[in-house]
Amino acid sequence: MTEVSVDYNFKAIESKWRNYWKEEGLFDTELSETEDNFYYLNMFPYPSGTMHVGHGRNYIIGDTLTRFMMMNGLNVLNPMGFDAFGLPAENAAIERGIHPREWTEDNIADFKEQFDQWGIEYDWDKEVQTHTPEYYRWTQWLFLKLYEEGLAYEDVSPVNYCPHCDTVLANEQVISGKCERCGSEVEEKELKQWFFKITDYAQDLLGDLDKLDGWPDHVKKMQADWIGRSEGVEIKFNLADRPGELNVFTTRPDTLYGATYMALAPEHPLVETVIEDTEDPDKKDELRAFTDKTKRIDQTRRAGGELTKEGVFTGEYAVNPINGEEIPIWIANFVLTEYGSGAIMSVPGHDQRDFEFAEKYDIPIIEVIAPKKDNPTGDLDEAYEEPGYLVNSGEFNGLDSEEAYEVIGSWLKERDAGEFTVNYKLRDWLISRQRYWGAPIPMIHCPDCGTVPVPEEDLPVELPDVEFIGNKGLAEIDDFVETTCPVCGAPAKRDTDTMDTFVDSSWYYIRYISANDSKKIFDTGTVNDWLPVDQYVGGVEHAILHLLYSRFITKFLNDVDLIDFNEPFAKLFTQGMISHLAYRCEDHGWIPPEEVEDGNKCPECGKELSVTMESMSKSKKNVVSPKDLIEEYGADTERIYTLFIGPPEKDVEWSDRDVKGSHRFLTRVWRLAAEHLHLFDGDHDFNPEELSDGEKALWRKINQTIKEVTEDLEGFSFNTAVSSIMELTNEFYRLLSEVDPDPGLIKEGIKKMTLIISPFTPFIGEELWHRMGHENSILDADWPEWDESALEKEESELAVQINGKVRAHIKVASEIDDDEEKLREKVLKLDRISEKVDSKEVKKFIVVPGNLVNIVV
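Residues numbered from 1 in each chain as written. Predicted model: local features only at pLDDT ≥ 70, side-chain atom pairs only at ≥ 80, totals over all residues. Heavy atoms only, no water.

Within the chain one finds 29 helices and 33 strands. Based on the C-alpha atoms only, the size of the chain along its principal axes is roughly 105 × 80 × 65 Å. When burial is assessed residue by residue, the chain has 54% of its 857 residues classed as buried. At a minimum sequence separation of 6, the contacts of the chain that also span at least 24 residues come to 72%. Summed over all atoms, the accessible surface of the chain reaches about 37,500 Å², with 43% contributed by carbon and sulfur. In the chain, 88 positive and 170 negative side-chain charges are present, and the distance between their average locations comes to 4 Å. (Helix = DSSP H or I, 4+ residues; strand = E, 2+ residues; numbered from the N terminus. Buried < 20%, exposed > 50% of the residue type's maximum accessible area, 1.4 Å probe, protein only. Contact = heavy atoms within 4.5 Å. Areas by Shrake-Rupley, 256 points an atom, 1.4 Å probe, with all protein chains shown as cover. Lys, Arg positive; Asp, Glu negative; His and termini not counted. Charge placed at Lys NZ, Arg CZ, Asp CG, Glu CD.)

This paragraph deals with unusual backbone geometry. Most peptide bonds take the trans configuration, and most residues that are not glycine carry a negative phi. Cis rather than trans, the peptide bond between Leu 459 and Pro 460 has omega equal to 0 degrees. Within the secondary structure, Pro 460 is located in the loop between strand 20 (450-453) and helix 14 (478-481). A cis amide bond, omega 10 degrees, links Leu 531 with the succeeding residue Pro 532. Within the element layout of this structure, Pro 532 appears in the loop between helix 17 (524-530) and strand 24 (535-539).

With antiparallel pairing, the four strands of this open sheet are ordered in space as 20-19-22-21. For this open sheet the edge positions go to strand 20 and strand 21 (482-484), each flanked by a neighbour on one side alone. Taking the axes of each pair of neighbouring strands and ignoring which way they run, one obtains an average angle of 40 degrees across the sheet. Note that strand 19 (residues 443-446) and strand 20 share four bridges and pair antiparallel. (Pairing = 2+ DSSP bridges. Axes fitted to C-alpha atoms, helices over the stretch in contact; angles between N-to-C directions.)

One finds Tyr 39, Phe 115, Phe 143, Trp 429 and Leu 531 to be the most contacted residues of the largest nonpolar core, which totals 166 residues. Those residues in contact with Phe 115 that sit more than four places away from it in its chain are Met 51, Tyr 59, Met 80, Phe 82, Ile 120, Tyr 122 and Trp 124. By size, the runner-up hydrophobic cluster in this structure holds 36 residues, among which are Leu 246, Val 312, Leu 399 and Ala 417. (Core = buried A, V, L, I, M, F, W, Y, C linked by side-chain atoms within 4.5 Å.)

Here we take up the environment of Glu 95. Along the chain, Glu 95 turns up in helix 4 (residues 87-96). Taking the relative accessible area as the measure of exposure, Glu 95 reaches 63% and is therefore exposed. Distance in space between the C-alpha atoms of Glu 95 and Asp 656 is 32 Å, their sequence separation being 561 residues.

With that out of the way, let us pick up the packing of helix 22 (residues 693-714) against helix 23 (residues 718-738). Describing two packed helices takes the angle between their axes plus the distance from one axis to the other. Direction vectors running N to C along helix 22 and helix 23 enclose 165 degrees, while the axes themselves pass 9 Å from each other. In terms of their interaxial angle, helix 22 and helix 23 are classed as roughly antiparallel. Along this stretch, helix 22 crosses helix 23, giving a crossing that reads as left-handed. Across the interface between the two elements, Gly 694, Glu 695, Ala 697, Leu 698, Lys 701, Ile 702, Thr 705, Glu 708, Val 709, Asp 712 and Leu 713 from helix 22 touch Phe 718, Thr 720, Ala 721, Ser 724, Ile 725, Glu 727, Leu 728, Glu 731, Phe 732, Arg 734 and Leu 735 from helix 23. When its residues are assigned to classes, the contact of helix 22 with helix 23 shows eleven nonpolar, four polar and seven charged. (Parallel < 35°, antiparallel > 145°, perpendicular 65-115°, else oblique. Left-handed = near helix turned anticlockwise from the far one by under 90°. Nonpolar A, V, L, I, M, F, W, Y, C, P; charged D, E, K, R; others polar.)

Two elements in contact, helix 19 (residues 626-633) and helix 20 (residues 635-644), have axes whose closest approach is 7 Å; the angle formed by their N-to-C orientations is 115 degrees. Relative to helix 20, the element helix 19 lies roughly perpendicular. Counted together, Pro 626, Leu 629, Ile 630 and Tyr 633 of helix 19 and Ala 635, Thr 637 and Glu 638 of helix 20 form the full contact between these two elements. The residue inventory of the contact of helix 19 with helix 20, partitioned by class, reads five nonpolar, one polar and one charged.

Bringing the packing of aromatic side chains into the picture now. Taken as a whole, this structure holds 45 aromatic pairs when the rule is applied. Here Tyr 201 and Phe 552 contribute two aromatic rings whose centre-to-centre distance is 5.3 Å and whose plane-to-plane angle is 70 degrees, an arrangement assigned as edge-to-face. Taken together, the residues Tyr 201 in the loop between strand 7 (187-196) and helix 7 (202-207) and Phe 552 in helix 18 (residues 546-559) connect sequence positions 351 residues apart. An identical accessibility class is assigned to Tyr 201 and Phe 552; each is buried. Judged by centre distance (5.6 Å) and plane angle (70 degrees), the ring pair of Phe 313 and Tyr 317 falls under edge-to-face. A residue is classified by how much of its surface remains accessible, and Phe 313, at 24% relative accessible area, is partly exposed. (Phe/Tyr/Trp six-rings, centres within 6.5 Å; stacked < 30°, edge-to-face > 60°.)

Right, let's get into the sheet that holds strand 17 (residues 429-430). Strand order across the open sheet formed by four strands is 4-3-7-17, with antiparallel pairing between neighbours. In the strand order of this sheet, the two ends are held by strand 4 (167-169) and strand 17, each with one partner. Packing against the sheet, helix 6 (residues 133-148) makes contact with strand 3 (152-162) and strand 7, and its axis sits at approximately 85 degrees to strand 7.

Turning our attention to the pattern of salt bridges. Two side chains bearing opposite charge may form a pair once their charged atoms approach each other closely. For the structure on display, the rule yields 49 salt bridges. One salt bridge connects Glu 231 with Arg 229, and the closest N-O pair in it is separated by 2.7 Å. Using a relative accessible area of 35% as the deciding quantity, one classes Arg 229 as partly exposed. Residues Glu 272 and Arg 288 are paired through a salt bridge, measuring 2.8 Å at the closest nitrogen-oxygen approach. Linking Glu 272 in helix 9 (residues 269-277) with Arg 288 in helix 10 (residues 281-295), this pair joins segments that are 16 residues apart in sequence. Three or more residues joined by partner-sharing salt bridges are found here, namely Asp 208, Lys 211, Arg 551, Lys 555 and Glu 567. (Salt bridge = Lys/Arg side-chain N within 4 Å of Asp/Glu carboxyl O.)

Counting through the fold element by element, Glu 127 comes out in the loop between helix 5 (100-118) and helix 6. In terms of polar contacts, Glu 127 uses its side chain to reach the side chain of Lys 112, at 2.9 Å. With near-sequence residues (within four places) excluded, Glu 127 lies in contact with Met 80, Gly 81, Phe 82, Lys 112 and Ala 515. (Polar contact = N/O pair within 3.5 Å; in protein donor to acceptor, adjacent residues only side chain to side chain.)

Attention shifts here to the domain arrangement of the chain. By the assigned domains, the chain splits into domain 1 (1-30 + 624-792), domain 2 (31-130 + 505-575), domain 3 (141-197 + 428-502), domain 4 (229-424), domain 5 (578-622) and domain 6 (795-856). For domain 2 and domain 4, the distance between their C-alpha centroids amounts to 47 Å. (Domains from an automatic or database assignment.)

This brings us to helix 23. With 21 residues, helix 23 extends 31 Å between its outermost C-alpha atoms, agreeing within 8% with the 30 Å of an ideal straight helix rising 1.5 Å per residue. Those residues of helix 23 not exposed but buried are Phe 718, Asn 719, Ala 721, Val 722, Ser 724, Ile 725, Met 726, Leu 728, Thr 729, Glu 731, Phe 732 and Leu 735. In this structure, the buried residues of helix 23 make contact with helix 3 (53-71), helix 20, helix 21 (656-674), helix 22 and helix 24 (743-757). (Expected span 1.5 Å × (residues − 1).)

A separate point is helix 5. Helix length check: helix 5, at 19 residues, gives a terminal C-alpha distance of 27 Å against a target of 27 Å (1.5 Å per residue), a fit within 8%. For helix 5, the full list of buried residues reads Pro 100, Trp 103, Thr 104, Asn 107, Ile 108, Asp 110, Phe 111, Gln 114, Phe 115, Asp 116 and Trp 118. Where helix 5 is buried, its residues contact helix 2 (20-24), helix 3, helix 4, helix 19, helix 20 and helix 25 (762-771). The first or second residue beyond helix 5 is Gly 119, which carries a positive phi of 75 degrees.

What follows covers the environment of Ala 332. Within the element layout of this structure, Ala 332 appears in strand 12 (residues 326-332). With 38 residues separating them along the chain, Ala 332 and Thr 294 place their C-alpha atoms 8.4 Å apart. In this view, Ala 332 contacts Ala 263, Leu 264, Ala 265, Pro 266, Phe 290, Glu 310, Gly 311 and Phe 357; residues no more than four positions away in its chain are not counted.

Moving on: a nonpolar patch on the surface. Taken together, the side chains of Leu 581, Val 611 and Met 613 present a nonpolar region at the surface, about 200 Å² in accessible area. Mapping Met 613 onto the fold places it in strand 28 (residues 610-615). (Patch = residues over 30% accessible without salt bridge, like charges linked within 9 Å, V, L, I, M, F, W, Y side chains within 5 Å.)

Under the criterion given, the structure shown has zero disulfides. With no disulfide of its own, Cys 488 lies 3.7 Å from the sulfur of Cys 449, the closest cysteine sulfur. Taking the relative accessible area as the measure of exposure, Cys 488 reaches 40% and is therefore partly exposed. (Disulfide = S-S within 2.5 Å.)

Within the secondary structure, Asn 719 is located in helix 23. Once residues within four sequence positions are removed from consideration, Asn 719 is found in contact with Leu 643, Phe 644, Gly 646, Pro 647 and Pro 648.

Bringing a positive patch on the surface into the picture now. Judged by side-chain charge, Lys 805, Arg 832, Lys 836 and Lys 840 come together as a positively charged surface patch. Tracing the chain through its elements places Lys 836 in helix 29 (residues 831-837).

In structure tokens:
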């Protein structure tokens, strides 16, 4: 056995093993094997910058679990790729004045280097990069299949537009009225756009959430809320003074008698008609100004509760079908085209938003639901929104709300004035982007043939290879736009929109299986063998966007018989964010922690800085570089601290001081093993039955730790698994400080500890394993099993006395015998003791360990 220094020289160790696993092909998965397959997948990253330690959490979790499962004999597929198209990369490249391809590919190289530094391994033979023609050819093919099935269509629609990014945003990409990418205020425009008809799958997407037992409940709820299924009645309100009608969806037909005004979204088609027909120029100007102002407010703000409710009366009326009353039609800033028809019946007596609007504009408020039967409240101080009994509702008075829902709905249906229906908040997926850096939409616009698809044999429609063009889109590249119609051969123009990057990521997990196949999108048989993904891990911020879109595409592929499953991810785990101290000066903005002067002073002006704990972000200058950390402490230290920092599903705070503690722990592990590697030179067997009490305690702890770490890894409890290994290390040192223990026990214990720590700290694990004399990788070793018999506690029988007289006997484990509180609880529960002690005061509880207990009452 080669001598090993007791000094922990992590640089020498890590440089030795950094390329070993790749060179040995240990993470290259044979897809033809169908036994014991396990598809583990981390969400692939945007290569739009450099990584910090917060990014590392996701990938360190994945590598740790992959190594654990490999040692448990599973054929694990763990591939990696890059979500390389889209606004983040393009905006970053524009800021630097370079081509987005150059920026993206430089970052991909940097990401791969960082993975190597962390000791994170993947099956790189199956890598995908969404910006390559080899990949987006099949994204375009997928678009054409959706088009063939009537699920991709072009339409003029009001859209969210970011003036800074110069592109359209999906609703999900607008946060509190701002672009999620750059933070600019979002405007609303009308443009011709491409959509995917995800609404056709609304009920399937909602109903199948119940099948996803391996998904967190909060993620399923987020998707259910976004889909937003409502059962109700669509009611027809005829216009009073012109032909036509307003169709309104409501979940409360029982309140129809209380409708005192109609409210329209400014985008509703009737609004433009009314404005054009208005003869009074002042009224026309009023309507136009309000409509234009409201359209500039993004729909997220309009739907929120913070916006002051405003409206303007159109001068038009609608007829309430249940009583023939004419009610005024208003345009209101809180009504959206995104839900229902863009028109609502407003019942101020029973909806607080409608109540506040009615009070503001002096619109009548009628009570039609009362808490008690036949007992109207009278004047309302606020809307009554609970169920109750109908009042002021003609022939329907006295019905309870639930019964009235059915009765009034049926009454309307019989008179062709309403229809029971289901409504969804979910809107069709807007995929058009007016930018360069994305997959071109494979459609051609011919003046004679209309819009026609690019033939499959002509795919991919490649991005033109041009010099840096800033934030210009494909429409400004003439050589790209001009083409010929594939139907008639006449001059035509290519579609100049590119696809939302979420289209690229909606199916990448399938392409990994056939990453190098140039003939077809994927091999159906092999995909069916490996998918759905067994375990998917990533950030909860993708709950509505990526995860919902991926479910939609999977269901579509299932419907066209390309795959035999209809959900992409069997189990989902969402990891929390890592925060770090952030310093801000009111005059100079965010200050990097390393530049902060003593006393939290700004280095520029000396002013006191505000100090907060913020999610790591380059913009807040509070990121921790993994390169610097690895240089100082080693990759294993970063890995084990990242896993130990807290429950992985929770947001946690990074502590530079605690990183040092993790490094000290690994130094102790290394020293413990290094000082006893000589034991592996010879045979040092041991018999657990012949161990001393102290040695048995260590043997019990070894097996207990194997059990705990195994169960913790299976349950994603990495922090408690690391804690268990720390406790075991302490137990080793405690025993070694007291006695000269059985060398066979120490040898076996260090071997097992090396095996269970290796997924967390692969460099130390591999080095020690080879130092023990093994020629193959530690990944080829079997994960250790625990000895159940070693976990059994020694028992002793105690006599239980009451006031000196034996009343019972009890067998207790040795550690309970030593724990008076646990022993007291157990003894007092004995029937023969509890019935005699009962309500009497226990004056003393005397324990003679291993012998008796005397209860003095």
